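Architecture and fold: a report
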Amino acid sequence: MGVIVPILLFVCLATLVLGSPRIPPLRERRRTRAISHALVARHGFTARPSFTSSRIPLPGPPFHYGSAQRLTDQVAGEVAGLPVTSAGYSCRYNGSSHFYGIALVTLPFPVDTAEVRHEPAFHSVRVVEPVPAGRVRTGVARFDAAHESYCRDPHHGQSALSVAGVGELLSAPEPFSWRAEGTQLLLWRSGGWSSTPSLLGCVRAAVSALSSSNGSGMGIQTARPTR
């Protein structure tokens, strides 16, 4: 009995150490699956066939590292009249799983390449972060302290977003990162969104921010809408 107890304690400790890194991604996947089901049941979305991350039209974070890259719980619908695809994204790196919530939006107008990050796509010095050129400041201290903004042409106006656009982003239910190019807008959040209303609110905030900047005469738009 005196030998069995230490062995059991060692097994329990080893199970805890090995299993702990897997618990958050599993919890995040379940939450994202629940969000997808709610989008279908309450917001008119439909499930769509699986596709690989190579078909995402905007490369870069969070798709820039890891192996076993996988998209799950993919649903498509409309938010504010715009086509939106929501999914969970996971990969493996250094023996651990990493999970993100993503949302891909098709915009009604083209924008120049811009990116706003509220956190590093991966929290490790061993993963090289692809940092875009054209770091800019919006001039809104609260926003600039919590986000990094990039614009293809940082000299096109004084900021990558209008003050009204920054206000829209600050009003989002929770912080997130996004990248826009042409008519494509990608939102992502490490760990996924906390709820369905939060996801929808973040999509509306990003679209409103780009629309505000698009109509302000300054900011990220450089191309005219195609006919």
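The structure reproduced in this document is the subject of the present report.

Conventions and cut-offs
- Residues numbered from 1 in each chain as written.
- Predicted model: local features only at pLDDT ≥ 70, side-chain atom pairs only at ≥ 80, totals over all residues.
- Heavy atoms only, no water.
- Phe/Tyr/Trp six-rings, centres within 6.5 Å; stacked < 30°, edge-to-face > 60°.
- Helix = DSSP H or I, 4+ residues; strand = E, 2+ residues; numbered from the N terminus.
- Buried < 20%, exposed > 50% of the residue type's maximum accessible area, 1.4 Å probe, protein only.
- Lys NZ or Arg CZ within 6 Å of the ring centre and 35° of its normal.
- Core = buried A, V, L, I, M, F, W, Y, C linked by side-chain atoms within 4.5 Å.
- Contact = heavy atoms within 4.5 Å.

Overall, the coordinates contain three aromatic pairs when judged by the stated rule. Aromatic side chains Phe63 and Tyr89 sit 4.8 Å apart centroid to centroid with 80 degrees between the ring planes, which places their arrangement in the edge-to-face category. Here the residue Phe63 occupies a position in the loop between β1 (46-47) and β2 (67-79), and Tyr89 occupies one in strand β3 (residues 82-93), the gap between them amounting to 26 residues. Take Phe63 and Tyr89: they sit in the same class, and that class is buried. Ring centres 5.9 Å apart and planes at 80 degrees place the aromatic pair Tyr65 and Tyr93 in the edge-to-face group. Placement of Tyr65 in the loop between β1 and β2 and of Tyr93 in strand β3 is noted, with a sequence separation of 28 residues between them. The buried category is assigned to Tyr65, whose relative accessible area is 6%. An aromatic cluster is built from Phe63, Tyr89 and Tyr100, whose rings are joined through pairwise contacts. When the ring centre of Tyr150 is taken as origin, the NZ or CZ atom of Arg135, which lies over that ring, is 5.9 Å away.

Turning next to the nonpolar core. Counting residues in each nonpolar core, the largest one holds 35 residues, and the members touching the most others are Val105, Phe176, Trp178, Leu185, Leu187 and Val203. Listing elements by their share of this core, those giving two or more residues are α2 (23-42), β2, β3, β4 (96-117), α4 (163-170), β7 (177-190) and α5 (196-216). A per-element tally of this core places α5 first, with nine residues. Not counting residues up to four positions away in its chain, the partners in contact with Trp178 are Ala114, Glu115, Val116, Leu161, Leu169, Leu185, Leu186, Leu187, Trp188 and Leu210. Within the second largest apolar cluster, 14 residues are counted, among which are Leu71, Cys91, Tyr100 and Leu186.

Any functional reading would require information beyond the geometric quantities listed.
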